[in-house]
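Results of the structural survey
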Amino acid sequence: MQPTRGYVAESPFADWPFGEYHRTHKDLAAHLHQVGRHHAKKALLLYTSQDEFDQLDAAYSLGSAVELLAKSLLASVDTALLMPRDPDALTILKYSGTKISGVAPPDALSVRSLEAGRAIDLLREIKLFPPLWAKTDRSLFNVRNAAAHMGIVHQEALRSAIRPMVRFAEHTRTHHNETPENWWGKELAGVASTIAESEVNSWIQVVQAKIAASHVRLSKLRAGLPASSADAILTSMEGYWRSSIAHIERVKCPACGFRGWATGDVDRAVDIEYELDGPPTVWSVLTILIFECNVCGLELSDETEVSIAGLAADVMFLDEDYVPEPDDL
């Protein structure tokens, strides 16, 4: 995804400045992608350096790469997704690309955009979220912020943070169907692929080991039960969620096939069916982040393990606990 060379020059603030030129509004997504890729390549090139200033540059670039690439994905859908919370009128005009006669174009250097963490959250909502991304991966922004705000960097933290950055960059690259050589360059393509693959393989090995251990536990349970009633007894063991949590759903266990329990983030009232003579029917969506099975003992502790195990990311459910706002009635 590359910007065109369609630079504009009529006003210094009419569109999006880039050096001595200005990129057009329709090129904003491609521009963010290009600059995000620049920072990703820079971070990967410098993160192993023993020079402290190279490490600072790498720390700043790895967090900036993820933020800019996340915003490029949002802008490829609609640039309005880049707006911060509670935008003023000029900010809305800027991100919509609307021009009003007699109203000076908003200053592109001063308009705010949404924060990096919010950009990641929106990608999940619009189904452009990386398939393997854990909440702990957000710590890369701490590495970037420490470098940007205090000029400090820790080599071990930097080397840990490079891995989720590369995975996010690879997600963006594959989304745009670009080859590793074209995206990273010939020298860095192999390094990026190795980092991303090793991360995925390590997670797969953990999940496979968990499922294998669950199979062993289930086999031991079955061995001590009458064959004719084993399934009924095991089904009775499904029980209930062992911890206190806001919402849980019963889903099929990927290890034993009995029903286990899933919890995570809930997006309330995604669909409301109104009735003529009664309260509305409310449907909400559970994004599964944690799963546990009382039968075989399988426990999946984050969204990455859930994804690798093959559980559906989102489950729609009838939300009987939701209390509609007065305006929804």
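Everything discussed here concerns the structure shown above.
Quick caveat: nothing in here was measured; it's all calculated off a predicted structure. The written sequence of each chain sets the order in which its residues are numbered from 1. The predicted origin of the model limits local features to residues at a pLDDT of at least 70 and limits the giving and counting of side-chain atom pairs to 80 or more, whereas totals for whole chains, interfaces and linings rest on all residues. With hydrogens and water stripped out, all remaining heavy atoms of the structure feed into the side-chain values.

With that settled, consider the overall build of the protein chain. Scanning the protein chain from terminus to terminus reveals ten helices and seven strands. Oriented by its inertia axes, the alpha-carbon framework of the protein chain measures out at about 80 × 65 × 35 Å. Think of it in three bands: residues with accessible area under 20% of the maximum for their type are buried, residues over 50% are exposed, and the middle band is partly exposed, with areas taken using a 1.4 Å probe on protein chains only. Evaluated residue by residue, the protein chain yields a buried proportion of 45% over its 329 residues. The Shrake-Rupley method, run with a 1.4 Å probe sphere, supplies the accessible areas, and residue values consider only the shown protein chains as cover. Carbon and sulfur atoms make up 54% of the accessible area of the protein chain, which totals about 17,300 Å². Of the charged side chains in the protein chain, 31 are positive and 45 negative, and the gap between their average positions amounts to 6 Å. Put simply, DSSP H or I for four residues or longer makes a helix, DSSP E for two residues or longer makes a strand, and each gets a number counted from the N terminus. Think of it this way: Lys and Arg go in the positive column, Asp and Glu in the negative one, and His and the chain ends go nowhere. Each charge is placed at NZ for Lys, CZ for Arg, CG for Asp and CD for Glu.

This part takes up the pattern of salt bridges. Side-chain pairs of opposite charge can arise whenever the charged atoms involved come near each other. Just to be clear on terms, a salt bridge is a Lys or Arg side-chain nitrogen sitting within 4 Å of an Asp or Glu carboxyl oxygen. Counted according to the given criterion, the structure contains 16 salt bridges. Arg 222 is the partner of Asp 231 in a salt bridge, and the nearest nitrogen-oxygen pair spans 2.8 Å. Taking relative accessible area as the criterion, Asp 231 reaches 44% and is therefore assigned partly exposed. Residue class for Arg 222 comes out partly exposed when judged on its relative accessible area of 35%. Among the salt bridges present, the one from Glu 238 reaches Arg 250, with a minimum N-O distance of 2.6 Å. Residue Glu 238 is located in the loop between α9 (230-236) and β3 (249-252), and its partner Arg 250 is located in strand β3; the two are separated by twelve residues in the primary sequence. A single network of salt bridges, built from pairs that share partners, joins Asp 137, Arg 163, Arg 167 and Glu 199.

With that out of the way, let us pick up a negative patch on the surface. Residues enter a patch when their relative accessible area is above 30% and they make no salt bridge; the linking distance is 9 Å between like charges and 5 Å between nonpolar side chains (Val, Leu, Ile, Met, Phe, Trp, Tyr). On the surface, Asp 271, Glu 273, Glu 275 and Asp 277 cluster together into a negatively charged patch. Along the chain, Glu 273 turns up in strand β4 (residues 259-273). For Glu 273, a relative accessible area of 37% corresponds to the partly exposed category.

The two faces of the sheet receive side chains in turn, since in a regular strand these alternate between them. By the alternation rule, side chains of β3 split into Glu 249 and Val 251, which are all buried, and Arg 250 and Lys 252, of which none is buried. We call two strands paired when DSSP finds no fewer than two bridges between them. Counting the residues that bridge the hairpin from β3 to β4 gives six residues, and of these Gly 257 lies at a positive phi of roughly 90°.

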